[in-house]
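Spelled out from the first residue to the last, the chains are:
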Amino acid sequence: MTNTADTRIADSIRDAFIAALLVAVLGFFFLALRTDIAPGGLALSTRWGLWFTAIAIVFAVRLLLNLFVYRAPAGAPKPESGIGKMAHRLSGYSTVFGYVMFALAAALPFIVMALFPVQQRQYIDLAILIMTYIMLGWGLNVVVGFAGLLDLGYVAFYALGAYSFGLLAFYFDIGFWVALPLAGLLAAMWGIVLGFPVLRLRGDYFAIVTLAFGEIIRVVLINWSDFTGGPRGVSGIPKPTFFGLDFTRGEGGFADFFGLEFSTIHRFVYLYYIIFILAIITYFVTARLRQLPVGRAWEALREDDIACRSLGINIRNTKLTAFAISAMFGGFAGSFFATRQGYISPESFTFIESAIILAIVVLGGLGSQIGIVIASIVMIGGMEMLRNLGFLTQIFGPDFDPVQYRMLIFGLAMVLIMVWKPRGLVSTREPSAVLKEKKKIGADLIGQGEGHKA
Amino acid sequence: MTTGSEDLLLSVRGVETYYGKIVALRGVDLDVRRGEIVTLIGANGAGKSTLMMTICGDPRARAGTITYDGRDITGMPTHEIMRLGIAQSPEGRRIFPRMTVLENLKMGAQLVAPEHFEGDLKRIYDLFPRLKERAAQRGGTLSGGEQQMLAIARALMSRPKLLLLDEPSLGLAPLIVKQIFEVIRELNRTEGLTVFLVEQNAFHALKLAHRGYVMVNGNITMSGTGAELLKREEVRAAYLEGGRH
């Protein structure tokens with residue numbers, strides 16, 4: 001028994017050490033380095049104290065959690081083999097990780113406002129951007145990850161959503177909350193219209209046609225200038241209201257109504273929560289659909305469409321539902337984009353957008369929803385971080401323009417990820433159907449040749 | 001051999017199927033009566049699988065009629081045919097490799113009311129205890145025999161009246177083949193399940209089946225009870241000698 005306790009403590013310490021190491025690596029750029037505006041450019045300062053404190057806190061908390069929270073209380077039955085225990089612990093981790101991420105995301109604006117009062121606007125804006133891509137990733141995941149159809153024109157639905165709202169607001173003076181469901185419906189409708197001819201195709205042919213569709217939408221938006229405003233785009237798109245309250249200074253505004261001091265940050269925080277809730281809805285709808293027969297049929301379709309047909313599944317309708325649902329979420333995200341920007345033009349909906357969303361889904365691990373979150377943070381957040389590479393001029397001389405190398409570094413990072421994790425960051429697939437007693441057997445059976453540790 | 005048509009579950013009359021311009025079936029007649037195990041044997045490329053796929057509506061028959069349960073299904077789309085109580089274990093098994101055994105079985109039960117699932121699952125696990133052990137494993141990690149069991153089990157989950165089996169013995173060890181055929185016999189005996197079996201393994205198939213058909217080059221050349229066919233010189237020469245095990 002003492003032996004078990006010893007390994008337990010050793011395991012916990014090792015685990016806490018790994019966590020602390022991760023914080024050290026991740027936190028190096030966030031915490032240890034700091035750029036300030038100084039005369040003649042940016043000045044780099046270091047904050048080693050903060051960095052070490054963060055590492056120490058993570059180490060301590062992780063150790064305590066390992067020792068007292070994650071472990072089953074003494075006397076409770078433990079999974080038999082070492083690998084079984086590990087699988088058990090891992091699945092627990094991913095749930096805990098999910099909750100932590102959720103709590104963090106829910107409190108994010110306030111954390112940012114407390115920690116970075118100077119750059120709060122910039123950071124919340126970045127968080128909104130990341131959250132938009134998470135939502136788009138979850139939406140596209142339905143088609144690419146679940147149904148296994150390579151859609152290269154997802155941006156078309158994003159554009160349709162944005163223009164639906166933009167034009168509804170322009171011609172009919174409709175506000176965000178009314179336009180939002182309409183935009184989703186319109187995008188879904190277009191998903192079905194496009195889907196009918198396209199879904200007969202498979203593989204490469206399907207990808208090429210969706211790519212073309214994405215471009216067609218953009219070209220139509222540019223050339224139909226009487227209706228869409230052409231390259232000038234649509235401007236003056238209304239901001240969302242909070243139950244009829246505008247985020248404006250003065251009487252009748254949000255701040256006035258709640259007796260707060262007016263601040264432009266309120267609107268950003270509000271926008272953040274809108275996209276946060278939209279993203280969470282996307283998550284729950286898609287995660288739930290996966291457990292339902294239609295979602296399982298999507299995944300089966302990805303695996304083997306001939307077998308699907310022999311099971312009496314209507315392949316065309318199944319693909320169409322995937323396409324329409326995915327398009328609908330793209331439409332929601334699009335109308336949010338329109339209201340956030342206040343101005344939209346066809347330039348925002350180029351192929352590179354489709355490529356980025358697709359890259360998020362692929363890097364995250366096809367079909368993995370939590371992987372998409374990580375990939376969005378890494379990709380979108382990382383790209384923004386790379387914009388601020390000013391300190392490199394100190395190394396390479398003042399002529400060095402880091403912005404030019406942004407895409408290079410980014411591409412390199414993508415290649416490295418694909419080399420190390422060829423199936424994406426989260427490559428394990430959670431079964432959509434589990435009978436409770438069998439789960440443990442499965443985990444133990446998969447791991448063969450592992451000694452009994454406990 | 002004369003039976004009332006109400007006894008016929010599946011009847012194929014003068015069916016011709018083409019792949020482009022190439023003819024695969026040249027006017028095939030074949031009957032499957034309720035409660036029977038009927039096998040279709042023949043060499044590679046004779047058109048056995050094509051006939052099975054034609055019954056399922058893909059490819060469609062260019063001439064002739066296919067009647068199932070008194071209903072003309074010749075021109076129907078595959079997914080509608082499969083909803084009439086026909087289930088297929090396709091050639092090459094075609095299980096869903098990244099999905100677990102349990103998920104594969106759920107896919108089979110897609111068209112059945114969910115309240116039947118637990119009971120049906122238990123029955124399947126009784127027939128194939130291996131699948132119960134492997135329930136949480138991914139389909140692709142199963143052995144060939146287990147995958148074949150899963151393919152049949154998945155088909156059975158749809159509560160079929162007619163089970164179509166395409167070469168269930170393909171690439172499997174003789175012992176496993178025996179086990180699988182034993183289960184088919186059992187299902188037929190206890191539940192009266194009607195089975196149409198396409199096989200190259202003529203010896204086992206004819207021993208199992210009540211009746212058999214021999215197909216050569218897209219034509220049915222012989223038919224009779226399983227025992228009769230096993231005794232026929234032509235059958236022995238073409239399909240059994242040397243290939244027997």
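Residues numbered from 1 in each chain as written. Chains lettered and ligands numbered in written order. Predicted model: local features only at pLDDT ≥ 70, side-chain atom pairs only at ≥ 80, totals over all residues.

Peer 1: So what about the overall build of chain B? Which residues, and what values?
Peer 2: Check the secondary structure of chain B and you find ten helices and ten strands. In summary, chain B has a C-alpha radius of gyration of 17 Å against a globular reference of 18 Å for 245 residues, a match within 12%. In terms of its C-alpha atoms, chain B occupies a principal-axis envelope of roughly 45 × 40 × 35 Å. The contacts of chain B with a sequence gap of at least 6 include a subset with a gap of at least 24, amounting to 67%. (Helix = DSSP H or I, 4+ residues; strand = E, 2+ residues; numbered from the N terminus. Rg over C-alpha atoms; globule rule 2.2 N^0.38 Å. Contact = placed C-beta atoms within 7 Å.)

Peer 1: Run through the overall build of chain A, naming residues and quoting values.
Peer 2: If you tally the helices and strands in chain A, you get 18 helices and four strands. Looking at the 454 residues of chain A, the share that counts as buried comes to 36%. In chain A, the share of contacts with a sequence separation of at least 24, taken over all contacts with a separation of at least 6, comes to 75%. (Buried ≥ 20, exposed ≤ 12 C-beta atoms within 10 Å, placed from the backbone.)

Peer 1: How would you summarise the interface of chain B and chain A if you had to cite specific residues and measurements?
Peer 2: Tallying the contact residues gives 25 residues for chain B and 26 residues for chain A. Within the side of chain B that touches chain A, the residues separate by chemical class into eleven nonpolar, eight polar and six charged. (Nonpolar A, V, L, I, M, F, W, Y, C, P; charged D, E, K, R; others polar.)

Peer 1: So what about the sheet that holds strand β4 (residues 63-68) of chain B? Which residues, and what values?
Peer 2: Backbone hydrogen bonds are what pair the strands of a sheet, in a parallel or an antiparallel way. Residues and elements named next belong to chain B. With antiparallel pairing, the four strands of this open sheet are ordered in space as β2-β1-β4-β5. Across the chains shown, the open sheet's two edge strands, defined by having one partner strand only, are β2 (22-33) and β5 (71-72). Judged from the two bridges that link them, β4 and β5 form a sheet pairing that is antiparallel. Paired with Tyr68 across the bridge in β5 is Arg71. (Pairing = 2+ DSSP bridges.)

Peer 1: Tell me about the nonpolar core, residues and numbers included.
Peer 2: Ranked by size, the top nonpolar core spans 169 residues in total, and within it A:Met131, A:Met135, A:Tyr158, A:Ala159, A:Tyr272, A:Ile275 and B:Ala153 carry the most contacts. Top element by residues in this core is helix α4 (residues 120-146) of chain A. It accounts for 15 residues. Inspection of this core shows a minimum of three residues originating in each of domain 1 (5-85 + 160-239) and domain 2 (93-159) of chain B. Setting aside its immediate chain neighbours within four residues, A:Met131 contacts A:Tyr272, A:Ile275, A:Phe276 and A:Ala279. (Core = buried A, V, L, I, M, F, W, Y, C linked by C-beta atoms within 7 Å. Domains from an automatic or database assignment.)

Peer 1: Outline the domain arrangement of chain B, listing residues and values.
Peer 2: All names here are of chain B. One can read the domain layout of chain B as domain 1 (5-85 + 160-239) and domain 2 (93-159). Placing the centre of domain 1 and that of domain 2 at their C-alpha centroids yields a distance of 23 Å. Within the residue set of the side of domain 1 that touches domain 2, elements represented by two or more residues are β7 (162-166) and α7 (174-191). Considering every element that reaches the side of domain 1 that touches domain 2, the biggest residue donor is α7, with three residues. Of the residues in the side of domain 1 that touches domain 2, the class split is nine nonpolar, one polar and one charged.

Peer 1: Provide a residue-level description of the confidence of the model for chain A, including the pertinent values.
Peer 2: Should pLDDT be low for a region, the predicted coordinates there are not to be read in detail. Residues and elements named next belong to chain A. Confidence in the prediction of chain A, expressed as mean pLDDT, is 82, and 85% of residues score 70 or more. Throughout residues 72-85 the model reports pLDDT below 50, and contacts reaching past four residues in sequence, or to other chains, amount to 24 contacts. Predicted confidence is poor over residues 437-454, with pLDDT under 50, and the contacts of this stretch with residues over four places away or in other chains come to 33 contacts. (pLDDT = per-residue confidence, 0-100.)

Peer 1: Tell me what's going on with unusual backbone geometry, and back it up with residues and numbers.
Peer 2: A negative phi holds for most residues other than glycine; trans holds for most peptide bonds. Residue and element names in this part refer to chain B. A cis amide bond, omega 5°, links Asp58 with the succeeding residue Pro59. Residue Arg93 is not a glycine yet carries a positive backbone phi of 70°. Secondary-structure assignment places Arg93 in the loop between β6 (86-89) and α3 (101-108). In this structure Arg93 comes out as buried when scored by C-beta crowding, with 25 C-beta atoms within 10 Å. Positive phi values are uncommon outside glycine, yet Glu167 reaches one of about 50°. On the secondary structure map, Glu167 appears in the loop between β7 and α7. Take Glu167: there are 22 C-beta atoms within 10 Å of it, and that puts it in the buried class.

Peer 1: Please set out the sheet that holds strand β3 (residues 37-42) of chain B residue by residue, giving values where relevant.
Peer 2: Residue and element names in this part refer to chain B. If you trace the six strands from one edge of the open sheet to the other, you get β6-β7-β8-β3-β9-β10, paired in mixed fashion. Only two strands of the sheet have a single neighbouring strand rather than two, namely β6 and β10 (219-225). Neighbour-to-neighbour, the strand axes of this sheet turn through a mean angle of 15°, independent of strand direction. As defined by bridge partners, β3 adjoins strand β8 (residues 194-199) across five bridges and the pair is classed as parallel. When the sheet's bridge partners are listed, Ile41 is paired in β8 with Glu199. Along the sheet, helix α1 (residues 48-55) makes contact with β3, β7, β8 and β9 (211-216), crossing β7 at roughly 145°. (Axes fitted to C-alpha atoms, helices over the stretch in contact; angles between N-to-C directions.)

Peer 1: Explain the environment of A:Arg62 residue by residue, including any values.
Peer 2: All names here are of chain A. Inspection of the secondary structure puts Arg62 in helix α2 (residues 48-70). C-alpha of Arg62 to C-alpha of Ala19: the two residues are 43 residues apart in sequence and 7.3 Å apart in space. Setting aside chain neighbours within four positions, we find Arg62 in contact with Asp15, Ala16 and Ala19.

Peer 1: Give me the packing of helix α14 (residues 351-364) of chain A against helix α15 (residues 369-387) of chain A: which residues, what numbers.
Peer 2: Residues and elements named next belong to chain A. Packing of α14 against α15 brings their axes to within 7 Å, and their N-to-C directions diverge by 125°. Taken as axis vectors, α14 and α15 run oblique relative to one another. The two elements α14 and α15 meet at a crossing, and its hand is right-handed. From α14, Ile356, Ala359, Ile360, Val361, Leu363 and Gly364 reach across to α15, where they touch Gly371, Ile372, Ile374, Ala375, Ser376 and Met379. Residues that form the contact of α14 with α15 fall into these classes: nine nonpolar, three polar and no charged. (Parallel < 35°, antiparallel > 145°, perpendicular 65-115°, else oblique. Left-handed = near helix turned anticlockwise from the far one by under 90°.)

Peer 1: Account for the packing of helix α5 (residues 155-172) of chain A against helix α13 (residues 315-341) of chain A, with residues named and values stated.
Peer 2: Residue and element names in this part refer to chain A. Between α5 and α13, whose axes approach to 6 Å, the crossing angle comes to 50°. With respect to α13, the element α5 is oriented oblique. Where α5 crosses over α13, the handedness of that crossing is right-handed. Between α5, through Phe157, Tyr158, Ala159, Leu160, Gly161, Ala162, Ser164, Phe165 and Gly166, and α13, the contact on the second element is made entirely by Ala327, Gly330, Gly331, Phe332, Ala333, Gly334, Ser335, Phe337, Ala338 and Thr339. Residue composition of the contact of α5 with α13, by class: eleven nonpolar, eight polar and no charged.

Peer 1: Could you give an account of the pairing of β10(B), naming the residues involved and the relevant values?
Peer 2: Residues and elements named next belong to chain B. Two elements, β9 and β10, share six bridges in a ladder whose sense is antiparallel. Residue pairing across strands places Arg211 opposite Thr225, the latter belonging to β10. In textbook terms, the turn of a hairpin is the stretch between consecutive antiparallel strands, and for β9 and β10 this stretch comprises two residues, one of which, Asn217, has a positive phi near 50°.

Peer 1: Any chance you could break down the environment of A:Met135 for me, citing the residues and the numbers?
Peer 2: Residue and element names in this part refer to chain A. By the secondary structure assignment, Met135 is in helix α4. Look at Met135 and you get buried, because 26 C-beta atoms sit within 10 Å. As a C-alpha pair, Met135 and Asp173 span 38 residues in sequence and 27 Å in three-dimensional space. The residues contacting Met135, other than those within four sequence positions of it, are Ile275, Leu278, Ala279, Thr282, Phe329 and Ala333.

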